[in-house]
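Listed below are the residues making up each chain.
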Amino acid sequence: RPELSVMSTNSPFPISDVPVSTGFDYPVGGLNHEGFAMMNCFGCSVLWLGDYGHTAEDYENGRGGDPVYSASEGKVLWRGVGPNAYGNVLIIQHRVEGAAVFTLYAHLRDIYVVASQSVGRRQQIATVGSSGSFLDHLHFEIRNKPDINPRGYTGYPFPGLD
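Residue numbers here run from 1 along each chain, matching the order of that chain's written sequence. Reporting of local features is limited, given that this is a predicted model, to residues whose pLDDT is at least 70; pairs of side-chain atoms are given and counted only at 80 or more, and all residues count toward the totals for whole chains, interfaces and linings. Side-chain metrics in this entry use all non-hydrogen atoms of the structure; hydrogen atoms and water are not considered.

Caption draft 1: Seen up close, the overall build of the protein chain. Strands are runs of DSSP state E lasting at least 2 residues, helices are runs of H or I lasting at least 4, and numbering of each runs from the N terminus. The helix and strand tally for the protein chain stands at zero helices and nine strands. Beginning at the N terminus, the succession of helices and strands in the protein chain can be written as β-β-β-β-β-β-β-β-β. The buried label applies to any residue whose accessible area, calculated with a 1.4 Å probe on protein chains only, is under 20% of its type's maximum; exposed applies above 50%, and partly exposed to all values in between. In the protein chain, which comprises 162 residues, the proportion classed as buried is 47%. Contacts between residues were defined by any pair of non-hydrogen atoms, one from each residue, lying within 4.5 Å. In the protein chain, once contacts between residues fewer than 6 apart in sequence are set aside, the share between residues at least 24 apart is 66%.

Caption draft 2: Molecular detail of the packing of aromatic side chains. Ring geometry is summarised as follows: Phe, Tyr and Trp rings, the Trp one being its six-membered ring, pair when their centres sit within 6.5 Å, and such pairs are stacked at plane angles under 30 degrees, edge-to-face over 60 and tilted between the two. Considering all chains together, one arrives at two aromatic pairs under this definition. A ring pair is formed by tyrosine 26 and tyrosine 59, whose centres lie 6.1 Å apart and whose planes are at 85 degrees; its orientation type is edge-to-face. Remark: tyrosine 59 occurs in strand E2 (residues 57–60) and tyrosine 26 occurs in the segment before strand E1 (37–40); sequence separation between them is 33 residues. Ring plane angle 50 degrees and centroid distance 5.3 Å describe the contact between tyrosine 105 and phenylalanine 140, whose orientation is recorded as tilted. Of this pair, tyrosine 105 sits in strand E6 (residues 99–106) while phenylalanine 140 sits in strand E9 (residues 138–143), and the two are 35 residues apart along the sequence. Assigned by exposure class, tyrosine 105 and phenylalanine 140 land together as buried.

Caption draft 3: Representation of the environment of phenylalanine 13 in the model. When you line up the elements, phenylalanine 13 lands in the segment before E1. Judged by its relative accessible area of 15%, phenylalanine 13 falls in the buried class. Placed 64 residues apart in sequence, phenylalanine 13 and leucine 77 show a C-alpha to C-alpha distance of 7.6 Å. Not counting the four nearest positions on each side in its chain, phenylalanine 13 is found in contact with Val18, Lys75, Val76, Leu77, Gln93 and Ser116.

Caption draft 4: The arrangement of the confidence of the model for the protein chain in detail. Mean pLDDT over the protein chain: 78, with 70% of residues reaching 70 or higher. Confidence of the predictor at the level of single residues is captured by pLDDT, which takes values from 0 to 100. Across residues 1–9, where pLDDT falls below 50, the model places 23 contacts with residues more than four positions away in sequence or in other chains. For residues 148–162, every residue scores under 50 in pLDDT, and the model assigns this stretch 43 contacts once sequence neighbours within four places are set aside.

Caption draft 5: Structural context of the pairing of strand E4 (residues 74–81). Among the eight residues of E4, seven are classified as buried, and the element is accordingly described as predominantly covered. Strand pairing requires that DSSP identify at least two bridges connecting the strands. In terms of strand pairing, E4 meets strand E7 (residues 118–119) through two bridges, oriented antiparallel. Considered in E7, the bridge of glycine 74 is made with valine 119. One ladder, built from six bridges, connects E4 with strand E5 (residues 88–96); its direction is antiparallel. Each bridged residue has a counterpart across the sheet, and for arginine 79 the counterpart in E5 is leucine 90.

Caption draft 6: Seen up close, the nonpolar core. Counting 18 residues, the largest nonpolar core has Val68, Leu90, Tyr105, Leu108 and Ile125 as the members making the most contacts within it. Looking at this core, the elements that each hand over two or more residues are E5, strand E8 (124–127) and E9. If sequence neighbours within four positions are ignored, valine 68 has contacts with Pro27, Val28, Tyr105, Leu108, Gln123, Gln124, Ile125, Ala126, Thr127, Val128 and Leu138. The next biggest cluster of nonpolar side chains, apart from the first, holds ten residues, and it includes Tyr86, Ile91, Phe102 and Ala106. Buried Ala, Val, Leu, Ile, Met, Phe, Trp, Tyr and Cys residues that are joined via side-chain atoms within 4.5 Å together make up what is termed a nonpolar core.

Below is the structure:
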C-alpha cells in the first residue's frame, strides 16, 4: 500500500482525461446506504461548526474497516493526510456533462488506490476509519472545487489543489 502524503503537487486533470460518469451511488453500504446511518447531513447545523453548517454527509455503522466505494467513475486526484480532523483523505475527480465534479472521502482507515488511477463506479477505494479525531465513520462530500469548503471553515486548501 503506498504511503500517504501531507503535500501534493497534483492539480485537477484536463476534463478529457477523466472517465465519463454514468451516475452517482452511495459510497458505503448497499443501495440507499443500507447498513449505515446518516449522522450529519449536508447543510445541517452542527454545534461545533458554528454558523457554517456541515459540508458533507457522515455515514456510520460502528464498524471500522467496512468498504468505501467510489461514488462514480473518475480519476484519483489526491490522497493524503487532510487538515485538522479530516485524517486520511481521498479526492476523486469526475466528469459530469463535460464539467469537473469532485468527491471527497475522509477519516479513512485504509486507502487502496493511488493518484492518477482511474476508478469505476462502486469500486472499493478505501475502508471506513477513525483517522483524524472522530469515531469510525465516513465523511463524504461532493463539490465543484477540490479544496476544502469554499466558505473556508477550516481555512486550509489541500496542497497543490487550486
